[in-house]
Amino acid sequence: MEPEVNQHTILQAILELSKQMQDMKSDLQQQVEAVEKRLEAKIEAVEKRLDEKIEAVETRLEKVEQNLSRKIDLVDAKFEILSLDLLTTKAEVSMLKQVR
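1. Quick notes on the pattern of salt bridges
According to the stated counting rule, one finds 1 salt bridge in the structure shown. Among the ionic pairs, Asp-23 bridges to Lys-19, the shortest N-O distance being 3.2 Å. One end of the pair, Asp-23, and the other, Lys-19, are both in helix 1 (residues 3-99), 4 residues apart, so they sit about a helical turn from each other.

2. Some points on a nonpolar patch on the surface
Together, Val-35, Leu-39 and Ile-43 make up an exposed nonpolar region whose accessible area comes to about 260 Å². Since its relative accessible area comes to 36%, Val-35 is described here as partly exposed.

About the cut-offs
- Residues numbered from 1 in each chain as written.
- Predicted model: local features only at pLDDT ≥ 70, side-chain atom pairs only at ≥ 80, totals over all residues.
- Heavy atoms only, no water.
- Salt bridge = Lys/Arg side-chain N within 4 Å of Asp/Glu carboxyl O.
- Helix = DSSP H or I, 4+ residues; strand = E, 2+ residues; numbered from the N terminus.
- Patch = residues over 30% accessible without salt bridge, like charges linked within 9 Å, V, L, I, M, F, W, Y side chains within 5 Å.
- Areas by Shrake-Rupley, 256 points an atom, 1.4 Å probe, with all protein chains shown as cover.
- Buried < 20%, exposed > 50% of the residue type's maximum accessible area, 1.4 Å probe, protein only.

What follows is the structure in structure tokens.
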């Protein structure tokens, strides 16, 4: 074989390998972009579900707070009534002591 043909063949092989490397690089970039898009879509879906769950928890918490507030108001009213009854009973006992 002539050295010139050998060099030409080697150069062609190098060019072919370079083209193959460029093609592989392009394919890998496309695969990476596809994976990134799928991941972004999945992350967005998870964020949306998380937002929905947070809204549901906030709604439930508001209902619990309202229910608790009503119960506290009821207990306050009962204490007020008991205090008045206790005051009235003490006044009656005091009046009965004075009568004796």
